[in-house]
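# An overview of the molecular structure
Now for the letters of each chain:
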Amino acid sequence: MSKIPKEIVDKIEQRNKLNEEIETWCKENLDMAGMCSYCADITDHHTGDEQRSNGCRKLCEQRTGYCKVDYHGHYYWKTEYPGKYLHMEFWV
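Quick notes on the rules
Residues numbered from 1 in each chain as written. Predicted model: local features only at pLDDT ≥ 70, side-chain atom pairs only at ≥ 80, totals over all residues. Heavy atoms only, no water. Helix = DSSP H or I, 4+ residues; strand = E, 2+ residues; numbered from the N terminus. Buried < 20%, exposed > 50% of the residue type's maximum accessible area, 1.4 Å probe, protein only. Areas by Shrake-Rupley, 256 points an atom, 1.4 Å probe, with all protein chains shown as cover. Disulfide = S-S within 2.5 Å. Core = buried A, V, L, I, M, F, W, Y, C linked by side-chain atoms within 4.5 Å. Pairing = 2+ DSSP bridges.

Scanning the chain from terminus to terminus reveals one helix and five strands. Listing each helix as α and each strand as β along the chain from the N terminus yields α-β-β-β-β-β. Relative to its 92 residues, the chain shows a buried fraction of 25%. Summed over all atoms, the accessible surface of the chain reaches about 7,300 Å², with 53% contributed by carbon and sulfur.

Take a look at the structure:
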């Protein structure tokens, strides 16, 4: 295999910088317990029940794990775009 092209290196570096910016914003504005902003995505659907936290409306679908010790689920936050949600999966 030849060397990794400069274009790919540049895109990865850009992605890393964007990931840092997104992570900083999420930590400052969202309850991030059990979540990693690197896995955040935008979706046009959601599941779960509405909850309020830190002045932010979010939807949560969660399941209790083995022996009711761990929790797994999905959070969806409304965005300024109608019908678009920030989605993150969590494990606690």
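Attention shifts here to the environment of A33. Structurally, A33 is set in the loop between α1 (6-29) and β1 (41-43). The sequence separation of A33 and W91 amounts to 58 residues, and the corresponding C-alpha distance is 8.4 Å.

Next up on the list: the state of the cysteines. Throughout the structure, instances matching the rule amount to zero disulfides. Free cysteine: C26, not disulfide-bonded; nearest cysteine sulfur from C36 at 9.5 Å. Cysteine C39 is unpaired, with the sulfur of C36 as its nearest cysteine sulfur at 4.6 Å.

A separate point is the nonpolar core. Membership of the largest hydrophobic core is limited to nine residues, which are C26, L30, M32, M35, Y75, W77, L86, M88 and F90. At the level of secondary structure, the elements contributing two or more residues to this core comprise β4 (71-78) and β5 (85-91). Broken down by element, the residue count for this core peaks at three residues, all from β5.

On to the pairing of β5. Counted residue by residue, β5 has five buried out of seven residues, so it is predominantly covered. Summarising the sheet, β1 and β5 pair through three bridges and their orientation is antiparallel. What sits directly across from I42, in β5, is L86. Sheet topology note: the β4/β5 ladder contains seven bridges and is antiparallel.

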